[in-house]
Structures are given as structure tokens and as C-alpha cells.
Amino acid sequence: MTPTSGETPRLEIRGLRKYFAASGVLAVDDVSLEVGAGEVVALIGENGTGKTTLMNLLFGVHQPDAGEVFIDGARADISSQQDAISHGLGMVHQHFELVPSFTVAQNVLLGREPSRRGFYDDAAAERQVAALIADSNLDLDPHRRVADLPVGAQQRVEILKALAADARLLILDEPTAVLTPAEADDLVAMVRRLAATGRSVVFISHKLPEVQAVADRIVVMRRGRVVGDVARGGASDAELARLMVGRDVLLTAEPGDGTAGDTLLEVAGAMASPSADGSTGLADVGLSVRAGEIVGIAGVSGNGQDELVEAVAGLRRLEAGRISVAGIELTGSSPAAMRAAGVAHIAADRMHVGLNLQATLEENAVSTSFRSRRFSRAGIIRRRARRQFAEQVIADYEVRGAAPARVVESLSGGNLQKIVVGRELSGNPRVVLANQPTRGLDVGSIEFVHRALSKARSEGSAVLLVSAELDEVLALADRIAVMYDGKLLGPFDRSEMDRERVGQLMAGGVEKNL
Amino acid sequence: MNIVADFLNSGIRLTTPILFAAIASLISARAGVLNLGIESKVLAGAFVGILVAAATGDNTLGVIAAALAGALIGLLMAAAHRIGVDLVILAIGLNILVLQLTVFLMRSYLGGVGTYAPGIDRIDAVEVPFLSDLPFASQLLDRLNPLVYLAFTLAILLGMYFRTRSGRHLLAVGEAPIAAAAAGLNVGRTQLLALVAAGAIAGIGGAFLSVGDLGFFTRNMSADRGWIGITAALLALNRPAFIVPAAAVFGFASAASIRLQAFDVPPNLTQFIPQGAAFVALVLVGLRAQSRGNVARLWRQSSRIRLRPRRSTRTSPKSENTPT
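These numbers come from a predicted model, not from an experiment.

**Looking at the overall build of chain B**
At step 1: Of the regular secondary structure elements, chain B holds 15 helices and two strands.
At step 2: By residue count, 50% of the 324 residues in chain B fall in the buried class.
At step 3: Counting only carbon and sulfur atoms, one obtains 66% of the accessible surface of chain B, whose full area is about 14700 Å².

**Details of the nonpolar core**
Grouped burial of nonpolar side chains is what soluble globular proteins tend to show.
At step 1: B:Ile23, B:Phe217, B:Ile243 and B:Phe250 are the most contacted members of the largest nonpolar core, which has 88 residues in total.
At step 2: Broken down by element, the residue count for this core peaks at twelve residues, all from helix α9 (residues 187–214) of chain B.
At step 3: Leaving out residues up to four positions away in the same chain, B:Phe250 has contacts with B:Ile18, B:Ile228, B:Thr231, B:Ala232, B:Leu235, B:Pro274, B:Ala277, B:Ala278 and B:Ala281.
At step 4: In this structure, A:Tyr120, A:Ile159, A:Leu160 and A:Leu172 belong to the second largest nonpolar core, which totals 50 residues.

**Structural notes on the sheet that holds strand β24 (residues 487–493) of chain A**
All names here are of chain A.
At step 1: Taken together, six strands build an open sheet; the order of strands is β18-β21-β22-β15-β23-β24 and the sheet is mixed. The sheet terminates laterally at β18 (343–346) and β24, the two strands that pair on one side only. For this sheet, the mean inter-axis angle between neighbouring strands, taken without regard to orientation, is 15 degrees.
At step 2: Against the sheet, helix α14 (residues 413–425) contacts β18 and β21 (431–435), and its axis sits at roughly 175 degrees relative to β18.

**Considerations on helix α8 (residues 237–245) of chain A**
All names here are of chain A.
At step 1: Looking only at α8, the buried set comprises Leu-240, Ala-241, Met-244 and Val-245. Projected onto a plane normal to the axis of α8, the buried residues spread over an arc of 120 degrees and lie on a single side.
At step 2: Buried positions along α8 lie against β3 (40–45), α7 (208–214), β11 (217–222), β12 (225–231) and α15 (443–458).

**Let's talk about the environment of B:Ala53**
At step 1: Relative to the helices and strands, B:Ala53 is located in helix α2 (residues 38–56).
At step 2: B:Ala53 has contacts with B:Asp58, B:Asn59, B:Gly62, B:Ile120 and B:Val211, leaving out every residue within four places of it along the chain.

**Side note on the confidence of the model for chain B**
Close inspection of predicted coordinates is inappropriate in any region flagged by low pLDDT.
Residues and elements named next belong to chain B.
At step 1: For chain B, the mean per-residue pLDDT works out to 85, and 88% of the residues sit at or above 70.
At step 2: Note that pLDDT drops below 50 for residues 298–324; the model gives that stretch 71 contacts with residues more than four away or on any other chain.
At step 3: As scored by the predictor, the complex reaches a pTM of 0.72 and an ipTM of 0.78.

**Overview of the pairing of β24(A)**
Residue and element names in this part refer to chain A.
At step 1: Pairing of strand β23 (residues 479–484) with β24 involves five bridges; the strand directions are antiparallel. Paired with Val-482 across the bridge in β24 is Leu-489.
At step 2: Here β23 folds back onto β24 in antiparallel fashion, the turn holding two residues, of which Asp-485 has a positive phi close to 55 degrees.

**Side note on the side chain of B:Asn9**
All names here are of chain B.
At step 1: Mapped onto the elements, Asn-9 comes out in helix α1 (residues 3–30).
At step 2: For Asn-9, a relative accessible area of 2% puts it in the buried group.
At step 3: In terms of polar contacts, Asn-9 uses its side chain to reach the backbone carbonyl oxygen of Gln-139, at 3.4 Å.
At step 4: The residues contacting Asn-9, other than those within four sequence positions of it, are Gln-139, Leu-140, Leu-141, Asp-142 and Leu-144.

**Quick word on a nonpolar patch on the surface**
Residue and element names in this part refer to chain B.
At step 1: Residues Phe-279, Val-280, Val-283 and Leu-284 make up a contiguous nonpolar surface patch of roughly 390 Å² in combined accessible area.
At step 2: Residue position: Leu-284 is located in helix α13 (residues 272–287).
At step 3: Classification of Leu-284 as partly exposed rests on a relative accessible area of 49%.

**Structural notes on the sheet that holds strand β2 (residues 25–35) of chain A**
Residue and element names in this part refer to chain A.
At step 1: The antiparallel open sheet is built from four strands, whose spatial order is β2-β1-β4-β5. Taken across any chain shown, the strands that pair with only one partner, and hence form the sheet edges, are β2 and β5 (74–75).
At step 2: In this fold helix α1 (residues 51–58) packs onto β1 (11–20), β2 and β4 (66–71), with an angle of close to 115 degrees to the strand it touches most, β1.

**Regarding helix α6 (residues 181–196) of chain A**
All names here are of chain A.
At step 1: In this model α6 runs 23 Å from its N-terminal to its C-terminal C-alpha over 16 residues, within 8% of the 22 Å that 1.5 Å per residue would give.
At step 2: When we look at burial in α6, the residues that qualify are Pro-181, Ala-184, Leu-187, Val-188, Met-190, Val-191, Leu-194 and Ala-195.
At step 3: Positive phi shows up at Gly-198, right after α6, with a value of about 95 degrees.

**A look at unusual backbone geometry**
At step 1: The phi torsion at A:Arg117 lies on the positive side, around 50 degrees, for a residue other than glycine.
At step 2: For A:Arg117, the location among the structural elements is in the loop between β7 (115–116) and β8 (119–120).
At step 3: You will see that B:Asp224, though not glycine, has its phi angle at about 70 degrees, which is positive.
At step 4: Position of B:Asp224 among the secondary structure elements: in the loop between β2 (217–218) and α10 (225–235).

**Considerations on the pairing of strand β10 (residues 200–205) of chain A**
Residues and elements named next belong to chain A.
At step 1: With six of its six residues buried, β10 lies for the most part within the structure.
At step 2: Neither face of β10 is exposed, since Ser-200, Val-202 and Ile-204 on one face and Val-201, Phe-203 and Ser-205 on the opposite face are all buried.
At step 3: As judged from the five bridges shared by β3 and β10, these two strands associate in the parallel manner. Bridge pairing in β10 places Leu-43 opposite Ile-204.
At step 4: Alignment of strand β9 (residues 169–173) against β10, held across five bridges, turns out to be parallel. Paired with Ile-171 across the bridge in β10 is Val-202.

**Quick look at the pattern of salt bridges**
Residue and element names in this part refer to chain A.
At step 1: Considering all chains together, one arrives at 28 salt bridges over all chains under this definition.
At step 2: Between Asp-72 and Arg-10 there is a salt bridge; the shortest N-O distance is 3.0 Å. In this pair, Asp-72 is assigned in the loop between β4 and β5 and Arg-10 in the segment before β1, connecting sequence segments 62 residues apart.
At step 3: Across the pair Asp-29 and Arg-17 runs a salt bridge, and its minimum N-O distance is 3.2 Å. Linking Asp-29 in strand β2 with Arg-17 in strand β1, this pair joins segments that are twelve residues apart in sequence.
At step 4: Beyond isolated ion pairs, a larger network of salt bridges with shared partners links Arg-10, Asp-72 and Arg-168.

**Overview of the packing of α2(B) against α10(B)**
All names here are of chain B.
At step 1: In contact at an axis separation of 7 Å, α2 and α10 are set at 135 degrees when each is read in the N-to-C sense. The angle between α2 and α10 places the two elements in the oblique class. At the point where α2 passes α10, the crossing takes the right-handed sense. Across the interface between the two elements, Ile-38, Glu-39 and Val-42 of α2 pack against Arg-225, Gly-226, Trp-227 and Ile-230 of α10.
At step 2: Broken down by class, the residue content of the contact of α2 with α10 amounts to four nonpolar, one polar and two charged.

Rules used throughout
- Position labels on residues start from 1 in each chain and follow its written sequence.
- As they are written, the chains are lettered A onward and the ligands numbered 1 onward, keeping that order.
- Local features are withheld for residues below a pLDDT of 70 in this predicted model, meaning they are given only at 70 or higher, and side-chain atom pairs are given and counted only at 80 or more; totals for whole chains, interfaces and linings count all residues.
- Excluded from the side-chain calculation are hydrogens and water; included are all heavy atoms of the structure.
- Starting at the N terminus, helices and strands are each numbered in turn, a helix being any DSSP run of H or I of at least four residues and a strand any DSSP run of E of at least two.
- Only protein chains enter the calculation, and the probe is 1.4 Å; a residue is then buried if its accessible area is under 20% of its type maximum, exposed if over 50%, and partly exposed in between.
- The Shrake-Rupley method, run with a 1.4 Å probe, gives the accessible areas here. Residue values count only the displayed protein chains as cover.
- Residues belong to one nonpolar core when they are buried, are Ala, Val, Leu, Ile, Met, Phe, Trp, Tyr or Cys, and are joined through side-chain atoms within 4.5 Å.
- The criterion used for residue contact is that any of the two residues' heavy atoms lie within 4.5 Å.
- Note on pairing: two strands pair once DSSP finds at least 2 bridges between them.
- Each axis is a line fitted through C-alpha atoms, and for a helix only the stretch in contact is used; angles between axes span 0 to 180 degrees, taken between their N-to-C directions.
- Arc definition: it is the arc formed by the directions from the helix axis to the C-beta atoms.
- Values of pLDDT, the confidence the predictor places in each residue, fall between 0 and 100.
- For this analysis, a polar contact is any N or O atom pair within 3.5 Å, provided that within protein one partner can donate a hydrogen and the other can accept it, and provided that sequence-adjacent residues contribute only side-chain to side-chain pairs.
- A patch consists of residues exposed above 30% relative accessible area that lack any salt bridge, with like charges linked at up to 9 Å and nonpolar side chains (Val, Leu, Ile, Met, Phe, Trp, Tyr) linked at up to 5 Å.
- The rule for a salt bridge is simple: a side-chain nitrogen of Lys or Arg has to be within 4 Å of a carboxyl oxygen of Asp or Glu.
- The length a helix should cover is 1.5 Å for every residue beyond the first.
- Reported orientations rely on four angle classes, namely roughly parallel under 35 degrees, roughly antiparallel over 145, roughly perpendicular from 65 to 115, and oblique for the rest.
- Handedness of each helix crossing follows the sense of rotation of the near helix against the far helix: counterclockwise by less than a right angle gives left-handed, clockwise gives right-handed.
- Three residue categories are used. Nonpolar comprises Ala, Val, Leu, Ile, Met, Phe, Trp, Tyr, Cys and Pro, charged comprises Asp, Glu, Lys and Arg, and polar comprises the others, including Gly.

Put into C-alpha cells, the structure is as follows:
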């Protein structure tokens, strides 16, 4: 499957294999792959299918048990990250590896600084980096401090770092996970420009639309194996999803029937100050959610969504404003009071807030309701009721590899989230707060969570869905609002919104421009 | 006798050991290590310095030995860090250990608990041409030995060092060790060298107390100067440009407290002045949210960052193995 047949591929992987004895997982199973010069190859697959292990093998983090790597036709034995860099590989991680207080130039040339008479030469560094920026068509100011740059620009600094080390093959690990739609579009365009200069790119992702836009070739991995290798336009989103999951996947959730009932959640004039920990606070946020509808809040993470959800969940005090549930004012109530009023909360951080990873599944399943009559009597837990409930959650929500009495720590992200969703959605909550409910999940689990939220809607819950994934909000929500810098724009009716409008609002576009 | 000159003189002499300790703290902090063991290094330097000076009759050798003693403790911390020991806890242990060890050695071998006075000459003051003949200046420069000048020179050199390649690397390692490791810098070695250098500098600060300024050693001679040095470094926001004024705040507060004892002020009140200054300084630092974040970060890092450079940050085999 060499697209540029006859030429030596930039990267050739032959029969790579990696077995982790400690956990008994064959993470990479006989993978062969070629990337041509100037080619963009997207590597897609669900979580835990070996994409990251494969890249770690390339980068010397792990040593392969079998197989060989060739770079520009020459065999490469890579035992460290420095080896990989000297072989012309460059990697941009999801979490940037930058020094915040250094300038762009200082970061790009870290470890290779020019110096004059013993001192670091700022002017020369900025000249070098400016030349590199011009050469690679990236939009950056070498003089700016990295801490002051938006996320998209920080990512460009990372790319520039790899280019400064003369990377001929660039690996981008889930590069759009942290970007706004507009920034993601820019990135796609930039990757194409880089490819035009002869550099090769491996683009790891699980978002199908952007993969279709950026890649010359799409390689699909499942359970450590390459299960598909298709040229651009050779497969539809649905076909790719089926390859990834191994079965048909419902990519779009069905919209609601548009019959919303009484207002169940009402937030008015919510105010919170920005704080030193990076919170933007809330600026006069008002919102109402009715029974039988999903109100989606789109926006780049960290624009006040968490503050809003936490306030409604009773986890954060507002400085001003009111919150009422089903007509009863509950401003400033405790989390327990909020839950008693029928508020369910699918927390963004399932590892620390949504679950106690060191506790068993059945303990987690009743952790929000163990005080109820159903699960305790006179302060004593009713074990049988708890066990039954846990088993019911496992069965209804298809939690795989789980036992009620086992600690949940070892379960995968998707199964952990199913426990949370199962716990929160059981018992017909009036209000469901779903904060980033599918973040980090694979396609199969995402589909599951979407179905569960749709079901809660049709059963009459008022669902507030917060997501950084624009497609998720567009697919599920009946009304859509955007949060930017602590302000809520909207909600607007779903029919009035499309990707471009929401994207513009997410990037801080002012309402009147629309 | 000129009161102003005398006050300035004692202020400078009291600032010197604090400045050494503050520089040691600053270097450690900027390398990403919260070094709370400076007190032990100052005390070890004071003790070893005077022992070697008395044994050899050469004060310079005493100062060098003091630097080595401090550096050795720094090396010990770096080695313990590498095998995963929490440096905060280790530092608390070291501070107590060195104090009790000096008491034990004095009692067992030096014939007393309180004071060890081997009868050496303290290090001579620097004679500055012309100035030392003027009345005001001669009082001002009285008893200011080369170590005093060394402390202030080190502060300037440190500011210059942070503009060199190696200094930039130290700052990068301290602020973003993962980024530094990814750029091919050796995080472990940089932090080790920083701890050793900090130890040597704090040790010299100890030698200034025993060999340099007084010519004898007393029990717990460091008397919290290591801790005050850490406070001074925090007050200076760990920036070389502010380190001298920050250390001087505490040195001159001590000088003022001694001066006030000549008047009819209760001594327990005057003795509170340096401690009060430290308290006020910490409150000021605490009020700056940014630096509070830095302190908290350093605190966390002291127990989390490994000296060994990490190849990859997020993708341990374990996380990859979780079957989905």
C-alpha cells in the first residue's frame, strides 16, 4: 500500500510487536506501516488500541519485542527520545512540554541556545526562530512569552520545536483535542502546508471529520492490529467507525421531539469572580432548562462551564444570582440538598469527583443515595439492596469486566463512565447535569452515553449538557448556548445554529456579529 | 563613634550569613527543589569550618572544608531524592541530626556543651586603600572580611549566571522539568549540581559565623539563619535582583534589635524584631497569589519530581494496558 511506489518511504515499520507481561496485554500485534515523504497519515482507533504504544515504540519509550523500524530506508534502533529526535522524528504531545515563562524563541531553542561571550544571545535566538517561522509558514511571534499565548499558538510552538530539531516526520497526538473549531481548521490547513514542504505527518485522532479533511491515507487500529488502510475519500465516516469498533455505530443521536414541558432548572444572574487558579468566573449567567429537553453548552473548556455546573450541583457558592429546581429556590444549598431536589450530576472529572477509584463498584453505585430508605435503615447499609442495584447497573449499562464487590480502579474510562451514568440516571432525576460526559471515551462508549442522555430526555428529565465537542452538542441538544469568558451566549434554538455560528461564538465572536 | 556607621556595619555583618543561605535557597528553588535543609548545611559548615581551621591553623582551609561539608549534605539530599525519598521529610531529619551531632561531638571530644573556642584568629578584615583611613568609612568597613564581599559578589554572579546557557537550562529544569527533559537536558544532573552548589554556599555561610566573624563555635550557632535565608529568598520571589535587599531586611532587623537593647526596651521585645520581620515578609509573599502558586508548586514538586529524567510523561505501560 505504498502511495508513492518506487520511492523509499520516510518511515517503514515492519512486524512491530509489544507484549506487556505485567498486565498480559498484547498492545501492538504485528503492525506494519509505511509513511511516504510528504504524506499525511491519520492513525485512528478507539482508546487502548495501541496507537500510543506504537508511537512510544517509535520514540524509544518502550522497546519492541519484535519488528524493525526503517527511516528513509535505513534501519533505526531507537532506545531514547533523543535517538528518535536525531533520526528526524518529532512528536507533539497532547500536553505541551513548554516552559511557560520563556519566550517562543527560548522554548524553541531550549538546549540549543546560541550564546555570545558566554551569555545567552536573545537577539540571535529570535532571528533564528523568526527565520524558521517564515520558512514553515507558522503564525507566531518569537518574542512573546509562551504563558501569554492561546492554546493554538502554544501548539504551534511545539510543532516549531520539532521542526527546529529538523524533524522530517512529525507525530501529532490528538492535536485538536484542546483547540476551538477555528483553531482546528487552521491546524488542518497548516498540516497540509507542512506536508507540501516534503515533511511527513502522522496524525493521531479519533475525530473522523477532521481525519477525512487532513489525511492522504487513514490507518485504522483495533486491539493492537492494523485493521484498515484506506486512501483519502476511500471510506465514509460510518465505514471508518465500523472498522474502529468492529460493529455498526450510530453516529448521530436522534434529536428530541421538541415537546419540552415545565421549566425544571432555572439559573438567573449567576455571578462568580475570576480566581487565581485560572477560573474565569461567571458573569451574569441566566439559563432555564425545561423537562424533556437537552440544552447544550458549547465552548472551549475553562470558560466558566465548570463553575456553572458546580454551582447547580451545590459544589460552588455563587456571589450573586439564584438557582431554582422545579420552582423551588435552592441557591446556596449543599450538594445533598441539590440531589434531594432531583439534581443528578455527571461530573467532568470522573476519576476524582464522579467516582472513588479505590472503592468497589457497589459502593460507587450508591455513593449518592446510600442515605435513602432504599439502601440504608437506621444508619446501617442494606447490603442486599445495594448488591442488587449494582448488578442492575452493570446489566443495564453494559459495564464490562466489572464485579459489584471489586474495586473499580482497573476499569477503563468508558466502563467507569457507564457506572457514573448508570448511578446518576437511575431514579428519574428532574435535572441532569452532564459535564463533558464523553471526554476521552471511545466511539462505542460515546454512543452509549448519548443514547442514555437521549433516553433521560424522553423520560422527562431536564438535561444540561456541557461539552467541548461541538459535534456532540449539535447532535444532541434542542437548544444551544455558548460560554465564553464566563458569559453565556444564548441559548439559541438548534435550528438557528450551525457549526460556523457556534464556532465563531466559541472563539469569542460577539453576538451582534451574527 | 559614629552610630550610623556602626549600625550599617553590624547590619552588613548580620546580613552576610543570611545572604549565603538565601542564595542557596534561591538556587535550589529555581532548579525545582524545595530545599528546607539549608539550616543543617549552615550549621555543619560552621562546625566543620572551625574544626579544620583549628586543626590546620589555616582559616582558608576551614572555609573550604565548610563548603565541602555543605556540598556533601547537598549530595546526600540529591542521592536520597533519586531513590525516591521525600526531601521535605529528609530535610527536617537532617536539620535535627546535624544539630544533635554537633552537640554530641562537642560534649564527647571538645570538652563542653556550650562553646568551643580553639583560640584561632578570625579572618582578617579587608583593608580597602584610602577608605580604611577615613573615619566614617573605617568604622563602616570594620571587621568586614573577604567572605562578606564574597556573599555580595555571589548575588551579582548569580544574576549573570541566569543569563548564560547553563543558567537558562537550570531555570527550564526548575520550571518545566518535562519540557527540559524533552529538550534533551539532564534534569537529574542539573538538580544534583544545584543542590551541591547550594550546600557549598550555605556551608560557607556557616564558616562565616564561626571562622569568619567570631572565631569560636557555639551550640546551634546557625540559630535559624538557614530558615531566615529561605524566607528571604521567598521575599525576593526567588529573583537574584531582589536577593540582597531581601536578605538585608532580616540582617538589619537583627542589627536594630541589638541596638535597641542599649535603650530601655524589653529584650524579649527586641529579639522579636527579626522574627516579626520574617512573619511580615511571609505574609507579603503569601498575598501575592502568583508567588503563592509557585511556592505550592515547589512544595508539590519536592515530593513528586524524580531526579532521573523521564522519557515519557503520560504514557506509562500501565495506562496503555487497560483493556477497553
